[in-house]
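The lines below spell out each chain.
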Amino acid sequence: MKWLKYYPLYKQIKYKNQVKGASCTITIIIVKGRGEPMIQVKLFDYEHEKDLEDEMNFFLEDIRDNQIVDIKYNVATTGEEEEEQIYCFSAMIIYKKK
């Protein structure tokens, strides 16, 4: 991918999400390039898939289709046989800054 040639200089910004009742923190990593549009990465991590969906849709409202480079998605579970399973739904949106 073209943006991989950029130096991995980045700035991390953390803030609480805007989905009511969710308790996760979102991290934005801004990758600085050489005069070309900057690539940004938005990370999402939630215990409930609906929270992930809502927050991603809220974020994507401000992003045009041609800005999106890629979207990655992952589900992880943990827990013993007799215990409640804990789910972790995470996603990463890679996009070009306006």
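Draft legend 1. A look at the nonpolar core. With 10 residues, the main nonpolar core is built from Phe 44, Tyr 46, Leu 52, Met 56, Phe 59, Ile 63, Phe 89, Ala 91, Ile 93 and Tyr 95. Among the secondary structure elements, those contributing two or more residues to this core are strand 3 (39-46), helix 1 (49-60) and strand 5 (86-96). With 4 residues, the single largest contributor to this core is strand 5. Those residues in contact with Ile 93 that lie beyond four places of it in its chain are Gln 40, Val 41, Lys 42, Phe 44, Met 56, Phe 59, Leu 60, Asp 70 and Ile 71.

Draft legend 2. The pattern of salt bridges, seen in detail. If you walk through the whole model with that rule in mind, you get 2 salt bridges. Asp 54 is paired through a salt bridge with Lys 50; the nearest N and O atoms lie 3.2 Å apart. Of this pair, Asp 54 and Lys 50 both sit in helix 1, 4 residues apart, roughly one helical turn. Residue Asp 54 is classed as partly exposed on the basis of its relative accessible area, which comes to 30%. Taking relative accessible area as the criterion, Lys 50 reaches 48% and is therefore assigned partly exposed. Ionic pairing is found between Asp 70 and Lys 72, a salt bridge with its closest N-O pair at 2.9 Å. For Lys 72, a relative accessible area of 42% gives the class partly exposed.

Rules behind the numbers
Chains are numbered independently. Their residues run from 1 in the order of the written sequence. With pLDDT at 70 or above as the cut-off, local features in this predicted model cover only qualifying residues; side-chain atom pairs require 80 or more to be listed or tallied, and sums for whole chains, interfaces and linings still use all residues. Just so you know, side-chain values use all the structure's heavy atoms and leave hydrogens and water out. Take the buried Ala, Val, Leu, Ile, Met, Phe, Trp, Tyr and Cys residues and link them wherever side-chain atoms come within 4.5 Å; each set so joined is a nonpolar core. For the exposure calls, accessible area comes from a 1.4 Å probe over protein chains only, and a residue counts as buried if that area is under 20% of its type's maximum, exposed if over 50%, partly exposed in between. Each helix is a run of DSSP H or I of at least 4 residues and each strand a run of E of at least 2, with the numbering of both proceeding from the N terminus. The contact definition used throughout considers only heavy atoms, calling two residues in contact when any of these lie within 4.5 Å. What counts as a salt bridge is simple: a side-chain nitrogen of Lys or Arg found within 4 Å of a carboxyl oxygen of Asp or Glu.

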